[in-house]
Amino acid sequence: MKIDRVSALEREYAMQSLDGQFRSAGNYGFGIRLEREFAAKMGVRHAVAMVNGTATLHAALEAAGVRAGDEVIVPPLTMSSTAIAVLHANAVPVFADVRPDTFLIDADDAERRVTARTKAIIPVALFGLMPDMDAIMGVAGRHGLAVIEDDAQCFLGSHRGRLAGTIGHMSSFSFQASKHMTSGEGGMVTTDDDGLALKLRRYSGLGYGSIGLGKARITKDDIQDPGCERHVVLGWNYRMPDIACAVACAQLERLDELCACRRLAGEAIAGAAKAAVWLVPQRVPPECGHAWWSAVFALDRDDVAWRDFRRKFMELGGDGIYAAWQLTYLEPAFREMNLLGREEWAKRAGARWERGLCPVAERLQPRLLQFKTNYWDTERAERQADILAKTIAFFA
Ligand SMILES: Cc1ncc(COP(=O)(O)O)c(C=O)c1O
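Residues numbered from 1 in each chain as written. Predicted model: local features only at pLDDT ≥ 70, side-chain atom pairs only at ≥ 80, totals over all residues.

Undergrad: Any chance you could explain the nonpolar core here in plain terms?
TA: The tendency in soluble globular proteins is for nonpolar side chains to be buried side by side. Ranked by size, the top nonpolar core spans 125 residues in total, and within it Ala 60, Leu 61, Val 72, Ala 120, Ile 121, Ile 148 and Ile 269 carry the most contacts. In terms of residues, this core owes the most to one element, helix α9 (residues 242–253), which gives nine residues. When residues of this core are sorted by domain, at least three fall in each of domain 1 (8–254) and domain 2 (257–324 + 361–395). Excluding anything up to four places from it in sequence, Ile 269 contacts Ala 295, Phe 371, Ala 381, Gln 384, Ala 385 and Leu 388. (Core = buried A, V, L, I, M, F, W, Y, C linked by C-beta atoms within 7 Å. Buried ≥ 20, exposed ≤ 12 C-beta atoms within 10 Å, placed from the backbone. Helix = DSSP H or I, 4+ residues; strand = E, 2+ residues; numbered from the N terminus. Domains from an automatic or database assignment. Contact = placed C-beta atoms within 7 Å.)

Structure, rendered in structure tokens:
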């Protein structure tokens, strides 16, 4: 399979957007179209576009009613935006450990960390694999928590036949450059709940009262009047620009082929890794469809150093291997609580962000080998898989 990541369609839509000449805030109208088509693709009632997949999480937390001092359960093994967004909402991220086989949030450990202040949980579909959503929804139901899926890395992944983005109360996607579909930057929140959708729109749109579930209802006479009142609630300017929406519209039309290409790459790399029992893959439960944002393995050999494995792979022509992100609570901003005043909430909640908090994730993170799957020519991915096979043979 060989495709262009950016095709003639993205160029055509971007030009149409520019032809809108920025005559109005909505310009060519790609924002409305993207939201409508994204919701249809996922099979949900609402999709709300925003500037990126961190803003989406923040807006979703605000819409869920998370307020200063509340607690939100997140995994520590993820890109740190998951927890950063919680801090943006002045709430406290509470880290729940991950499962050693799927590398994803452990619902049992999450439940152990629920307190009277817990308001929400953010399960992350890390590397393109959805966590055990039955268990997560069970915990949420028992404790009255909002579930916000972080599906930044999981387009068209599934759990028991349901698409990522359709199970939690809200779900967040990112269109950043490394994601399955991209507009450089951008993001989307999906939900089936009309009330949440309205809040998402208002909070991400500076709290404008004119924002409803559909098109803005304000007239020229209203907006030009000196008595015009605009803001009915605090909001943020998280609007996704029309030109980015135009590119995303094209990517959305091509989402199946973009995802198929990554899946072929992920499967080729996973196939090569099977030759080594000491490369332990992220376990894909039979009820899950993996979206293959990356192909990830735990290096289970004491006599082979992570850096030596990567060096050899690259010496043999490999493109590189990424480590998993540092655990969020061990990042200096968290460990040292450089949180621009928000550390007060964390301290009041008794948060201690140091080693020992999530032992499974701490053992796993330094051993994870992450192979990229964004090859738009499957032959290139297969060459990487061959190089992985040679690297494995070298260390056999
Ligand atoms: C799991 C996860 N959550 C959130 C984000 C944040 O998305 P963005 O970079 O669009 O803000 C990303 C990606 O970058 C991510 O991988």
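Undergrad: Could you clarify how one ought to interpret the packing of helix α11 (residues 306–315) against helix α15 (residues 378–395) in this entry?
TA: Axis angle and axis distance: for two packed helices, these are the angle between their axes and the distance between the axes, and together they describe the pair. It is at 9 Å that the axes of α11 and α15 come closest, and there the two elements cross at 130 degrees. By the angle class used here, α11 and α15 are oblique. Between α11 and α15 lies a crossing of right-handed hand. The residues of α15 that touch α11, namely those facing Phe 309, Lys 312 and Phe 313, are Ile 387, Leu 388, Thr 391, Phe 394 and Phe 395. In terms of residue class, the contact of α11 with α15 is made up of six nonpolar, one polar and one charged. (Axes fitted to C-alpha atoms, helices over the stretch in contact; angles between N-to-C directions. Parallel < 35°, antiparallel > 145°, perpendicular 65-115°, else oblique. Left-handed = near helix turned anticlockwise from the far one by under 90°. Nonpolar A, V, L, I, M, F, W, Y, C, P; charged D, E, K, R; others polar.)

Undergrad: Is there a simple way to explain the domain arrangement of the chain in this structure?
TA: How big an interface is tends to be expressed through the accessible area that disappears when the partners come together. As far as domains go, the chain holds domain 1 (8–254) and domain 2 (257–324 + 361–395). The distance between the C-alpha centroids of domain 1 and domain 2 comes to 29 Å. In this complex, domain 1 contributes 26 residues to the contact, which on the side of domain 2 involves 22 residues.

Undergrad: Could you clarify how one ought to interpret the sheet that holds strand β6 (residues 158–159) in this entry?
TA: Hydrogen bonding along the main chain pairs the strands of a sheet, whether they run parallel or antiparallel. Pairing is antiparallel in the open sheet, where three strands are placed in the order β7-β6-β11. In the strand order of this sheet, the two ends are held by β7 (162–163) and β11 (288–289), each with one partner. The pairing of β6 with β11 spans two bridges and is classified as antiparallel. In the strand pairing of β11, Ser 158 is matched with Gly 289. (Pairing = 2+ DSSP bridges.)

Undergrad: Teacher, can you tell me more about the environment of Val 48 here?
TA: In this structure, Val 48 sits in strand β1 (residues 46–50). Judged by C-beta crowding, with 31 C-beta atoms within 10 Å, Val 48 ranks as buried. The spatial distance from the C-alpha of Val 48 to the C-alpha of Leu 129 is 23 Å, given a sequence separation of 81 residues. Val 48 has contacts with Glu 35, Met 188, Val 189, Ala 197, Leu 200, Arg 201 and Ser 204, leaving out every residue within four places of it along the chain.

Undergrad: Hey, could you run me through the sheet that holds strand β9 (residues 187–191) in this one?
TA: Taken together, seven strands build an open sheet; the order of strands is β1-β9-β8-β5-β4-β2-β3 and the sheet is mixed. Strands with a single pairing partner mark the edges of an open sheet, and in this sheet they are β1 and β3 (92–95). The mean inter-strand angle of the sheet, taken between neighbouring strand axes irrespective of direction, is 25 degrees. Inspection of the sheet shows strand β5 (residues 146–150) paired to strand β8 (residues 170–174) by three bridges, in the parallel sense. Counted as the bridge partner of Ile 148 is Met 170 from β8. Helix-sheet contacts for helix α2 (residues 30–42) involve β1 and β9, and the interaxial angle to β1 is about 135 degrees. Together, β1, β2 (71–74), β4 (118–121), β5, β8 and β9 form the strand contacts of helix α3 (residues 55–63), whose direction differs from that of β9 by roughly 30 degrees.

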